[in-house]
Amino acid sequence: MAERVLLQERIDATIRNAIQDVLWARQGTVEILKKARREVARALDIVDLVHGAGRFRDLLDRLWVLHDDPFEFGRILGAPTGLGREIDQHVFRNPGDWSTEALFENLGAFEAGDARFARFLEGLVSPDVVPDEPAQRRFVDTINTHLRAVAVELRETGEDGGYPIFQVVASGLARTRRPKNLVFASLAKPDIQLRPRGTGHAPGRIAVDLAVMLADGGEAIADLALLRDQAEVFGPVASNPTAWRMLAGIDPAALGALRAARATARAVAWLQAEEKREEIPASRAGGRELPGLVLDIDATLVTCHSEKEHAAPTYKHGFGYHPLLCFLDNTGEALAGLLRPGNAAANTAEDHITVLDAALAQLPDAHRHGTNILIRADSAGSAKAFLAHIRALRSRGIHTSFSVGWSITEPVRRAIRQLPDQVWHPALEQDGTLRQGAQVAELTGLVDLPVLPENTRIIVRRERPHPGAQLSLFDLDEGMRHQVFLTDTPYGEGSLQHLEVRHRAHARVEDRIRCGKTTGFGRFPSRHFHVNQAWLELSLTALDLLAWTRLLLLEGELAAAEPKKLRYRLLHAAARITRGGRRIHLRIAATWPWRNELTSAFARLAALPRPAT
């Protein structure tokens, strides 16, 4: 019916556009961000657009509302009205009056639907408007320079009378816009919009499917079959060979694009969290909230059971890789990772600097420059160059500080022996209570430290060892187990006990790594190193998806649950998809113990605001 109405010779442009928007929404299109639209407008010269004035005017008339009289008497008599009159005066008669950006603004192109804007761009480079192939291709190159930044491009798809035809398509991580309603068979019955994909398998879409598969507990590319066999939920999913080709084709530039996409998604998730909770949750230690953000850096060993590129013997007499990772303690997000050979040194300053810089690049700009950031590491992070780099970040407006382990050398042992009993203070548990048999003391000024950042402090903890603990000869001599760390936190910003329990909370990174090994980087799929590096990045993406699920959608016990519990209780819940009343219904078993938590999570997902970015 709507299509027949559009075939009428005379139809009000407002009604025509409304009908077109409905029809085009059913066909699906890619999302074109407002920023990219504006950059395209700024790059196009208005004089080039109006070179064929009549053809360009016809294009505008087909897509935009140019006249304010519904019967268009003025246009019939040759006298444009409304916006059409303004365009006639400032674009066609006096081309210098309006820029292309001003024309787009008046047309409403920046606020229009993605489908309408895409058809506008396709029309601008069509032979109907530009019957000159070199000029067409110049326009396409100019527009694609800005569209490709958001994973969209004008691509040649055919020809008309010998002239090329171009169409707006996704070139990478673009999102399709074709919604369908999904209604849950629950008391709340939240409406949710799903966006099924178009045809083909864009590389970005395959990367998303792999990350979802890893978040769901998959271990190998073959586990994509779980998504592929549920087309009603996940849409068309690439075959295993296609996924392999995508991974093999990820070069350093593509890996950088993947990291940039992760950072963009993180910014959106954090804005949504701020709408929900006012701020990102604080890290805790000693029963207190820690100000700002806390980044934990640590390395781990991953065993390889076959020959792989750059896999090597490890210091624990194994064979495999030695990746270095950075996690955000506030939310459990996996910010950055660097895949390294198994024989890579634990305390390489260059690797720590690379991972830290990559982790900071993942933080939204407002948090990276406006928030205190504490970097924690074990003694492998105590290299002088790494600590100097952390201090130098302050000159770039990043408020960083450190708390890193320190080796117990002979000068440190002498200083510990010289400490009188009255300077030792009781240590704290993570809940703020006293820790039995443990004390802390300050060694600053008693040890000649190498060249370290100014105002670096050295603090020691001693504790009676638990049965089976591995002790050094010094510990055996003293009968106590000792641990030493460095921090540049100034005096007056926390007691010795608080600084020590804050540093000891770095141990939580071990749990993050353990969960990460069940979410992808516990085994690597390829003999080729660059493929395994891409796999590590997708594994970090999967950990982010789980962290954002906890942060935005869950409450209570599940908001702090590890991946294994989330998979068992929510992700692997049995349900059935049915159709009726032009809607898709997801029917969850009424006896499933966590059905209410699952439906509540979908309700929160549907209610999440879409931040302006």
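Everything discussed here concerns the structure shown above.
Being a predicted model, the structure only gives us computed values, none of them experimental.

### Brief notes about the sheet that holds strand S10 (residues 319-321)
Then step 1. Read from one edge of the open sheet, 3 strands run S8-S10-S9, paired in antiparallel fashion. In this open sheet, the two strands that pair with only one neighbour each are strand S8 (302-303) and strand S9 (312-313).
Then step 2. Alignment of S9 against S10, held across 2 bridges, turns out to be antiparallel. If you follow proline 313 over to S10, its bridge partner there is phenylalanine 319.

### A few points about the sheet that holds strand S11 (residues 324-328)
Then step 1. Strand order across the open sheet formed by 9 strands is S12-S11-S7-S13-S14-S18-S17-S16-S15, with mixed pairing between neighbours. Bordering the open sheet on either side are strand S12 (334-338) and strand S15 (425-428), each of which pairs with just one other strand. The sheet shows a mean angle of 25° between the axes of neighbouring strands, taken without regard to direction.
Then step 2. Here strand S7 (residues 293-299) runs beside strand S13 (residues 372-377); their pairing, made up of 5 bridges, is parallel. For aspartate 296, the partnering residue across the bridge sits in S13 and is arginine 376.
Then step 3. Seen against the sheet, helix H18 (residues 384-392) touches S7, S13, strand S14 (399-406) and strand S18 (481-487) and runs at an angle of roughly 160° to S14.

### Some points on the side chain of histidine 322
Then step 1. Inspection of the secondary structure puts histidine 322 in the loop between S10 and S11.
Then step 2. Of the polar contacts made by the side chain of histidine 322, one reaches the backbone oxygen of alanine 344; its length is 3.0 Å.
Then step 3. Apart from the residues lying within four places of it in its own chain, the contact partners of histidine 322 are Ala299, Thr300, Leu301, Tyr315, Arg340, Pro341, Gly342, Ala344 and Ala346.

### What to know about the pattern of salt bridges
Then step 1. This model, assessed by the stated rule, comprises 37 salt bridges.
Then step 2. Between arginine 37 and aspartate 114 there is a salt bridge, and its shortest N-O distance comes to 2.7 Å. Placement of arginine 37 in helix H3 (residues 34-43) and of aspartate 114 in helix H9 (residues 114-124) is noted, with a sequence separation of 77 residues between them. Each member of the pair arginine 37 and aspartate 114 is classed as buried.

### A look at the nonpolar core
Then step 1. Counting residues in each nonpolar core, the largest one holds 100 residues, and the members touching the most others are Leu210, Leu247, Leu295, Leu356 and Leu443.
Then step 2. Ranked by the residues each element gives to this core, the list is headed by helix H23 (residues 529-553), at 14 residues.
Then step 3. Those residues within four positions of leucine 295 in sequence are excluded, and the remaining contacts are Cys326, Phe327, Leu328, Leu335, Leu356, Ala359, Leu360, Ile373, Leu374, Ile375 and Arg376.
Then step 4. Grouped together as the second largest cluster of nonpolar side chains are 44 residues, Ile87, Ala109, Ile143 and Val168 included.

Criteria and thresholds
- Residues numbered from 1 in each chain as written.
- Predicted model: local features only at pLDDT ≥ 70, side-chain atom pairs only at ≥ 80, totals over all residues.
- Heavy atoms only, no water.
- Pairing = 2+ DSSP bridges.
- Helix = DSSP H or I, 4+ residues; strand = E, 2+ residues; numbered from the N terminus.
- Axes fitted to C-alpha atoms, helices over the stretch in contact; angles between N-to-C directions.
- Contact = heavy atoms within 4.5 Å.
- Polar contact = N/O pair within 3.5 Å; in protein donor to acceptor, adjacent residues only side chain to side chain.
- Salt bridge = Lys/Arg side-chain N within 4 Å of Asp/Glu carboxyl O.
- Buried < 20%, exposed > 50% of the residue type's maximum accessible area, 1.4 Å probe, protein only.
- Core = buried A, V, L, I, M, F, W, Y, C linked by side-chain atoms within 4.5 Å.

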